[in-house]
There are 2 protein chains.
Amino acid sequence: MVPAPTKIAMIIMDGLGGLPLEPGGKTELETARTPNLDALAAQSVLGLTVPVRPGITAGSGPGHLGIFGYDPIQYEIGRGALEALGADFDLGPDDVAARGNFCSVDAAGVLTDRRAGRIPTEVNKELAKVLQTIQMDEVEFYVQTIKEHRFAFVMRGSGLGEALTDTDPHQTGVPPLPTCALQPESEKAARLVNRFIEQARQLLAGRQPTNMILLRGFARLPSMPTYQELFGLRAAAIAVNGMYRGVARLVGMTVLNVDGVALADEFAALERNWSDFDFFYLHVKPTDTAGESGEFSGKVSVIEEVDALLPRLMALKPDVVIVSGDHSSPAVLKSHSWHPVPTLLHGKYVRADGVAEFGERACARGSLGLLAAKDVMPIALANAQRITKFSA
Amino acid sequence: MVPAPTKIAMIIMDGLGGLPLEPGGKTELETARTPNLDALAAQSVLGLTVPVRPGITAGSGPGHLGIFGYDPIQYEIGRGALEALGADFDLGPDDVAARGNFCSVDAAGVLTDRRAGRIPTEVNKELAKVLQTIQMDEVEFYVQTIKEHRFAFVMRGSGLGEALTDTDPHQTGVPPLPTCALQPESEKAARLVNRFIEQARQLLAGRQPTNMILLRGFARLPSMPTYQELFGLRAAAIAVNGMYRGVARLVGMTVLNVDGVALADEFAALERNWSDFDFFYLHVKPTDTAGESGEFSGKVSVIEEVDALLPRLMALKPDVVIVSGDHSSPAVLKSHSWHPVPTLLHGKYVRADGVAEFGERACARGSLGLLAAKDVMPIALANAQRITKFSA
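About the cut-offs
- Residues numbered from 1 in each chain as written.
- Chains lettered and ligands numbered in written order.
- Predicted model: local features only at pLDDT ≥ 70, side-chain atom pairs only at ≥ 80, totals over all residues.
- Heavy atoms only, no water.
- Buried < 20%, exposed > 50% of the residue type's maximum accessible area, 1.4 Å probe, protein only.
- Helix = DSSP H or I, 4+ residues; strand = E, 2+ residues; numbered from the N terminus.
- Arc of directions from axis to C-beta.
- Contact = heavy atoms within 4.5 Å.
- Pairing = 2+ DSSP bridges.
- Axes fitted to C-alpha atoms, helices over the stretch in contact; angles between N-to-C directions.
- Core = buried A, V, L, I, M, F, W, Y, C linked by side-chain atoms within 4.5 Å.
- Parallel < 35°, antiparallel > 145°, perpendicular 65-115°, else oblique.
- Left-handed = near helix turned anticlockwise from the far one by under 90°.
- Nonpolar A, V, L, I, M, F, W, Y, C, P; charged D, E, K, R; others polar.
- Buried area = accessible area lost by both parts, 1.4 Å probe.
- Salt bridge = Lys/Arg side-chain N within 4 Å of Asp/Glu carboxyl O.
- Polar contact = N/O pair within 3.5 Å; in protein donor to acceptor, adjacent residues only side chain to side chain.
- Least-squares fit on C-alpha atoms with pLDDT ≥ 70 in both.
- Phe/Tyr/Trp six-rings, centres within 6.5 Å; stacked < 30°, edge-to-face > 60°.
- Lys NZ or Arg CZ within 6 Å of the ring centre and 35° of its normal.

What follows covers helix H5 (residues 121-131) of chain B. Residues and elements named next belong to chain B. Turning to H5, its buried residues are Asn124, Leu127, Ala128, Val130 and Leu131. Down the axis, H5 shows its buried residues gathered within 155° of arc, on one side only. Seen from the open side of H5, the exposed residues pointing more than 90 degrees away from its buried face are Glu122 and Lys129. For H5, the secondary structure elements touched by its buried residues are strand E3 (96-105), strand E5 (140-147), strand E6 (150-156), helix H6 (187-204) and strand E7 (212-219).

Residues and elements named next belong to chain B. Along helix H9 (residues 263-273), the positions that sit buried rather than exposed are Leu263, Glu266, Phe267, Ala269, Leu270 and Asn273. Down the axis of H9, the smallest arc covering the buried residues is 150°, so these residues share one side. On its buried face, H9 sits against strand E1 (8-13), strand E8 (235-238), strand E10 (279-284), helix H10 (286-292) and helix H11 (296-314).

What follows deals with the sheet that holds strand E9 (residues 254-255) of chain A. Residue and element names in this part refer to chain A. The eight strands are arranged E9-E8-E10-E1-E11-E12-E2-E13 in an open sheet whose pairing can be described as mixed. The open sheet is flanked by E9 and strand E13 (369-372), the only strands paired with a single partner. Where strand E2 (residues 44-50) and E13 come together, four bridges link them in parallel fashion. The partner of Gly47 across the bridge, within E13, is Gly369. Strands in contact with helix H9 (residues 263-273) are strand E1 (8-13), strand E8 (235-238) and strand E10 (279-284); relative to E10, the strand with the most contacts, it is inclined by about 175°.

This part is about the nonpolar core. Residues and elements named next belong to chain A. In this structure, Phe68, Tyr227, Met253, Phe279 and Leu345 are the most contacted members of the largest nonpolar core, which totals 56 residues. Element by element, the count of residues in this core is highest for helix H13 (residues 376-383), at six residues. When residues no more than four places from it in sequence are discounted, the contact partners of Tyr227 are Phe68, Tyr70, Gly232, Leu233, Ala235, Val251, Met253, Phe279 and Met377.

Residue and element names in this part refer to chain B. Viewed as axis vectors pointing N to C, helix H3 (residues 60-68) and helix H8 (residues 242-250) meet at an angle of 45°, and their least axial separation amounts to 10 Å. Our classification of the angle between H3 and H8 gives oblique. Two packed elements cross with a definite hand, and for H3 against H8 that hand is right-handed. Within the contact between the two elements, H3 uses Ser60, Gly61, His64, Leu65 and Phe68 and H8 uses Met243, Tyr244, Val247, Ala248 and Leu250. Of the residues assigned to the contact of H3 with H8, the class counts are seven nonpolar, three polar and no charged.

The subject of this paragraph is the interface of chain B and chain A. Interface size is commonly expressed as the accessible surface area that is lost when the partners come together. Between chain B and chain A, the contact holds 32 residues from the first and 17 residues from the second. The junction of chain B with chain A conceals about 2,000 Å² of combined surface from both sides, 64% of it contributed by carbon and sulfur atoms. Counting across the interface, chain B meets chain A through zero salt bridges. Inspection of the region where chain B meets chain A yields six residue pairs in polar contact (both at pLDDT 80 or more). Among the elements of the structure, H3, helix H4 (79-86) and helix H12 (360-364) of chain B are those that each provide at least two residues to the side of chain B that touches chain A. Taken together, the residues of the side of chain B that touches chain A sort by class into 17 nonpolar, ten polar and five charged.

The transformation that overlays chain B on chain A combines an axial shift of 0.1 Å with a rotation of 124°, and the residual RMSD is 0.2 Å. Taken together, the rotation and translation describe the operation of a three-fold axis.

Moving on, we come to the side chain of A:Ser328. All names here are of chain A. By the element assignment, Ser328 lies in the loop between strand E11 (320-324) and strand E12 (341-347). Note on Ser328: relative accessible area 1%, which makes it buried. Separated by 2.8 Å, the side chain of Ser328 and the backbone oxygen of His339 make a polar contact. A distance of 3.4 Å separates a polar atom in the side chain of Ser328 from the backbone oxygen of Pro340. If we ignore the near neighbours within four places in the chain, the residues touching Ser328 are Gly15, Gly17, Gly18, Ser335, His336, Ser337, His339, Pro340 and Val341.

The subject of this paragraph is the packing of helix H5 (residues 121-131) of chain A against helix H6 (residues 187-204) of chain A. Residues and elements named next belong to chain A. Here H5 crosses H6 at 120°, and the two axes come no closer than 10 Å. Taken together, the axis directions place H5 and H6 in an arrangement best described as oblique. Crossing of H5 against H6: the hand is right-handed. Contacts between H5 and H6 involve Leu127, Val130 and Leu131 from the first element and Phe196, Ala200, Leu203 and Leu204 from the second.

Across all of its chains, the model carries 26 aromatic pairs over all chains by this definition. Geometrically, the ring pair formed by B:Phe68 and B:Tyr227 is edge-to-face, given 6.2 Å between the ring centres and 75° between the ring planes. In this pair, B:Phe68 sits in helix H3 while B:Tyr227 sits in helix H7 (residues 227-231), placing the two residues 159 residues apart along the sequence. Its relative accessible area of 0% is what places B:Phe68 among the buried residues. Residue B:Tyr227 is classed as buried on the basis of its relative accessible area of 0%. Aromatic ring contacts, followed pair by pair, group A:Phe68, A:Tyr70, A:Tyr75, A:Tyr227, A:Phe231, A:Phe279 and A:Tyr281 into a single cluster. The ring of A:Trp274 has A:Lys7 sitting right over it, with the charged end atom 5.8 Å from the ring centre.

This paragraph deals with the environment of B:Asp265. Residues and elements named next belong to chain B. The topology assignment puts Asp265 in helix H9. Through-space distance from the C-alpha of Asp265 to that of Ala107 is 52 Å; in sequence the pair is 158 residues apart. Here Asp265 is in contact with Val258, Asp259 and Gly260, once residues within four sequence places are set aside. A distance of 3.2 Å separates a polar side-chain atom of Asp265 from the backbone nitrogen of Val261.

In structure tokens:
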């Protein structure tokens, strides 16, 4: 890597890739009226990115790691760590996190409902305060409400391993399990977790239907090189949802404040901080929300809103612009999907495809080809003239 | 691999890939009038090759290893070895090579100029003769002028390791360093290099500004399977510059004599030796020279010259023809670049794209796709019917 005064902006429309409503029809992106993106596409290289591996539907964590330039299989984020990131919890490298449930047990301690009748989130918040009173000398515990019966559990201390079995037996009619260490390095963590659960049981006794807890998916964050280390970039993240802020923090990005939750507020944060960083990641959540809800025209509208905001980015004169997604979320599937993601890379030195259209089929014919999402960042850095020659 | 009477010819136009002068314009290759290449393209498969990895700008060494069929990261050629190859030095597998500088030190031995004022190459040649008088029992030393203050240093003997630190401190105001062995196997080499440097210091004393030497980038050649071993090919190389002759020698090609330095002389060597080999690599240097000098129309002219010579190759009736480059060198960038390289593969059994044009955009739409350069040779061998079926 070489220092350069160039700036790279990456707009990630979550779940961008789509499908037509009817065979032969247009996708959400192809349907959207996007004059600004189309004009940019004409001066860009287009391609389709594969977030993880062909045929694999990526979750938000691995989808983001991929387009950020990391192999999501090499750097797997465990369930517990993802839950904590999603709660915007500032998870440290030594913290052990887990997914928690409030649950119901009978007088004999046998599990009768793993989800405690999906209690209201407000009840969860009250119970989290109760659990938060548990204190031990060696470690700190954090219990953060997610929603209904779900919470994120974090244990902070030194010498804590993550190789711990679930206390959730994944069935009723049996008692919750104690956690067991799968490696000697995790024995201290196992002992402390089991003590925490015992105290939780005592504190929750009599509070039917939420008289017990289950923990599963114990995990620490993967240890990964930061954007500064890997790419020599001072990177900033603009996102309003916890998960995306968390993944950005994980790779060493500075997470910027956004005044408000609208897309225009995110672009305002971009403008305000433009002079202070080399790289900007701007996350657009509502494309995925619409896709997962099956709202084809809603997703089209969000894409059009991003298109209308694009001139505010271009006015800042970025050297390299990437527009892509972390995975596909076609409205017809109402879920994430395995389809490759439309991707545009713009810069002064791209060998432009000359196609004035940003859509799945235009991208399928683009000269970036079908590429691993993790390969996009090296190409962006090359176009920003931030990579030296390999050998002579 | 299976023996076959077929012949493969690979024309490498150095730095072939380009960029338009203006957005939306044509590249050097697209601008060139190439009726013969265009006609060949119509009966070929086209694609774009990635020499090393996406976004990585390849040097000439790794660029050639890639299109020769090797992974340039697996077989990295160290700096010193590249310098010796570039000087057309016949580097052996046990030789340890380094990049050398004549430099200036003051009376206290402190470095005052790492490049000795960039002395004329003629002075360098005289000094190289002086250093060449240094003799020791166990090893032979070679000092070969590159240009100005630069020379290639080679130590030949047995039991010499390459894990040696630079004697060049990469700054002035401090004395040159002795080399240190980083592994026990390199201790003998370190002792001999330091004795060489001490004798050089004595021989150069008083010859300001060139009264000392610096050595850096100690390296041996990577050990790699030859074309004969890997592909079962009797391979020949036609190139007039040292570097390319050296890399070809490294993979076991026979480097042919060329009478003259013109492209037509290289094609004459091809004709003269046609019956004696299965594979021919013919290197065209001036495309890169023009690209690196920023001479767009000069590069266009070289491509047109190659096009005019192509019928001499086709008259020999090769079974498979590859036309490609080792990397891109767009005139607008005046340097090597990361852009994928236009590649054509012709043979009786290709599933031809039917596009009568050899250019970057035609190749971007070609059915070879965007592929690693190292994958071209297996496809060429298949088309030459030199690969047997994988299992049954």
